[in-house]
Each structure stands twice: as C-alpha cells, then as structure tokens.
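The lines below spell out each chain.
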Amino acid sequence: MTTTIAIASGKGGVGKTTISVNLSLSLALQSKETLLLDADLGMANSHILLGINPKFTLDDFVTGKSSIDDVITITKDKLKFISGGSAINNLLNLSDLERHKIIQSFNNIKKRPEYMLIDVGAGAEASSMSFMASSDKIIIVLTGEPTSFIDAYSLIKAAFLDYKINNFGIVLNMTVSEMQAKLNFNKFQSITQKFLDVNLKYLGHVNSSQRIRNSIISRTPLMSKNNKNSDTQYFDNISQALSLLDSNNTGSIKFFD
Ligand SMILES: Nc1ncnc2c1ncn2[C@@H]1O[C@H](COP(=O)(O)OP(=O)(O)O)[C@@H](O)[C@H]1O
Ligand SMILES: [Mg+2]
C-alpha cells in the first residue's frame, strides 16, 4: 500500500521544496521505495534541488505524449521523481477533470511505491487543495514569522471547511533550535485549535543552515549516501515521525485507490 503525503504551506518561500526533496531522499536512502511528485504547477523547481534535468515531465503526460511510467525519472539514490515541467500554461490551467485524470492515472503505475510525496503549490488555490484532498497525509511547513502563521491558518481553515481535512503534521523550518520550534508549534496549535476542530501534530524542525543553502546553490542534494551530519538528521527525524501522523478521510478521489 502506498502512503501519499502532500507537503503544503500557506505562503511561498518557507521551504516546501527543500523539505519535500530531502525528506523523499531520506526515505529512499532508507531503502523505502519513494516517488516525489513536483505538483507546484507553474513554479516547479524540485529538479533543481535534485540537480537533475529530467527528459520528460508531468507536462508530457498531461498532453498525452507519454505514459505516467515514462515521465518517472530515477535518481542515483533510487528516488523516483516526476518533474512538474516548465510549460507553465498547460499545467496551470488544468480543469477539475484534467486534475482528476492525473490523480487517477497513478493507479496505472506498474510498481506502486511505499511512499509518494507531493510538493504542492503554496496557498489555498484549487490545484493545491485538490492534490491535498487526494493525499492520505498532509504536512504543513511553517516558519516562525507571523505571515507564515496567518497564511498557514487560512490554508488549514480552507482544507478543513471545504475538504474535511482534519489531521495535519507540522514541520517548523528555518528555526534556531528545537526549543524555539516547539514553542512556535505550541503557539500555532493553541491559536488554530481555538477556532477549528483539527488535530495538529509536531513532526520536527529544520534549523536555518548555511549547508542547506549551499546545497541548493550548488544543485547538490544535501541527503546522499554516506553523508550524515546534523542537517541530514533533521530529515531522518521527520521520516521517523511520519508514522505518528494520522491519515485523512476526505471522500475525495485518492492517488492510489
Ligand atoms: N532550513 C533552511 N536553511 C536555510 N535556508 C533555507 C532553509 N529552508 C529553505 N531555505 C531557503 O529558502 C529558499 C526557499 O525554499 P524553498 O524550499 O524553495 O521554499 P518553497 O518551496 O516553500 O517556496 C531556499 O532557496 C533556501 O535558500
Ligand atoms: Mg517550492
């Protein structure tokens, strides 16, 4: 059975792609069959963090040029990857029907992965919301800034009221310490749960790190075989916490049904 996990955020630039890519690599390096889907349509850039230039992208599938299996690239760390592509218009203007077609096409994948992570676009627009509703689990990336809090709250509110999503895992990014991350989580949780009947679970934190910044600039993933350091540990810790996060029962069509 595949566990699908959407990585979302209220506002952009908070580290969704950084966390999607490195968490996917952490799972793949633990020999768990993992597929990363870059569904940040129009802003797809996971391939840059992975340091690869895939020949085929989701765009080739949507336009009918390739099968879903043909647009999967396998990285040197055995991570399976579907790039969002850069033919912005095709993907950004998807209708509900086309989005459903993409979601259902995952049933045709020859070998189902153990995990599928989905890097979704920021905010509560239609395509992000439908990818979230079609996933089993949701991770919201949060930073300590008030703007991130407010936008994440709005996203959770929309997901809860419109799609009945009530379980959310929270990852704090660009923190200075675990203590600060947990304080911010507690603050966010008490505000959110005062107004919405949702469950938030702390899944971990990633400190602000020059090594992470450098890995992005040099297009060399932080996580790789035989590379263990204090930064790779953040992503390994989050991967361990995934089993604590409850799935959602939304009634929407799911990626692997
Ligand atoms: N933990 C971190 N430490 C240092 N810089 C980070 C960290 N996470 C993200 N960044 C910086 O923030 C930028 C935006 O991150 P990204 O993952 O692309 O965000 P999003 O996908 O949410 O838009 C990155 O290019 C990187 O420079
Ligand atoms: Mg991104």
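Description of the structure in this document.

## Description of the site of ligand 1
Then, in step 1: Taken together, 16 residues sit near ligand 1, with G13, K16, T17, T18 and N173 positioned nearest.
Then, in step 2: G15 places a polar main-chain atom, nitrogen or oxygen, 3.0 Å from an oxygen atom of ligand 1.
Then, in step 3: Contact with the protein chains hides 80% of the accessible area of ligand 1, taken as 560 Å² for the molecule alone.
Then, in step 4: Judged by its atoms lying within 2 Å of the grid points, ligand 1 is housed in the largest pocket.

## A word on the layout of surface pockets
Then, in step 1: Of the pockets and cavities examined, the largest pocket occupies roughly 520 Å³.
Then, in step 2: Lining of the largest pocket is provided by 26 residues; of these, G13, V14, G15, K16 and T18 occupy positions nearest its centre.
Then, in step 3: Elements that contribute at least two residues to the lining of the largest pocket include exactly α1 (16-29), β7 (167-175), β8 (199-207) and α9 (210-217).
Then, in step 4: Looking at the lining of the largest pocket residue by residue, the classes come out as 10 nonpolar, 12 polar and four charged.
Then, in step 5: If you add up the space inside the second largest pocket, you get close to 280 Å³.
Then, in step 6: Lining the second largest pocket, in full, are A28, L29, S31, K32, E33, T34, I74, K76, D77, K78, K80 and K225.
Then, in step 7: Here the residues of the lining of the second largest pocket sort into three nonpolar, two polar and seven charged.

## Points about the pattern of salt bridges
Charged atoms that come close allow side chains of opposite charge to pair.
Then, in step 1: One pass over the full model with this rule turns up nine salt bridges.
Then, in step 2: The salt bridge involving K111 is made with E33; its shortest N-O contact spans 3.1 Å. In this pair, K111 sits in the loop between α5 (96-105) and β5 (115-120) while E33 sits in the loop between α1 and β2 (34-39), placing the two residues 78 residues apart along the sequence.
Then, in step 3: Classification of K111 by relative accessible area gives exposed; the value is 51%.
Then, in step 4: On the basis of relative accessible area, E33 is assigned to the partly exposed category, the value being 26%.
Then, in step 5: Between K201 and D246 there is a salt bridge whose closest N-O contact spans 3.8 Å.

## Some words on the sheet that holds strand β3 (residues 73-74)
Then, in step 1: Pairing is mixed in the open sheet, where eight strands are placed in the order β3-β4-β2-β5-β1-β6-β7-β8. Among the strands making up the open sheet, the edge pair consists of β3 and β8.
Then, in step 2: Here β2 runs beside strand β4 (residues 80-82); their pairing, made up of three bridges, is parallel. Across the sheet, L37 pairs through a bridge with I82, a residue of β4.
Then, in step 3: Packing of α1 onto the sheet brings it into contact with β1 (3-8), β2, β5, β6 (137-142), β7 and β8, and relative to β5 it is tilted by some 170 degrees.
Then, in step 4: Seen against the sheet, helix α10 (residues 230-241) touches β7 and β8 and runs at an angle of roughly 165 degrees to β8.

Calculation rules
- Residues numbered from 1 in each chain as written.
- Chains lettered and ligands numbered in written order.
- Predicted model: local features only at pLDDT ≥ 70, side-chain atom pairs only at ≥ 80, totals over all residues.
- Heavy atoms only, no water.
- Near = heavy atom within 4 Å.
- Polar contact = N/O pair within 3.5 Å; in protein donor to acceptor, adjacent residues only side chain to side chain.
- Areas by Shrake-Rupley, 256 points an atom, 1.4 Å probe, with all protein chains shown as cover.
- 1 Å grid on protein atoms, 1.4 Å probe; cavity = no way out; pocket = protein on both sides within 12 Å on 5 of 7 lines; lining within 4 Å.
- Sits in = over half its atoms within 2 Å of the grid points.
- Points joined across faces, edges and corners; volume = space filled by probe spheres on them.
- Helix = DSSP H or I, 4+ residues; strand = E, 2+ residues; numbered from the N terminus.
- Nonpolar A, V, L, I, M, F, W, Y, C, P; charged D, E, K, R; others polar.
- Salt bridge = Lys/Arg side-chain N within 4 Å of Asp/Glu carboxyl O.
- Buried < 20%, exposed > 50% of the residue type's maximum accessible area, 1.4 Å probe, protein only.
- Pairing = 2+ DSSP bridges.
- Contact = heavy atoms within 4.5 Å.
- Axes fitted to C-alpha atoms, helices over the stretch in contact; angles between N-to-C directions.

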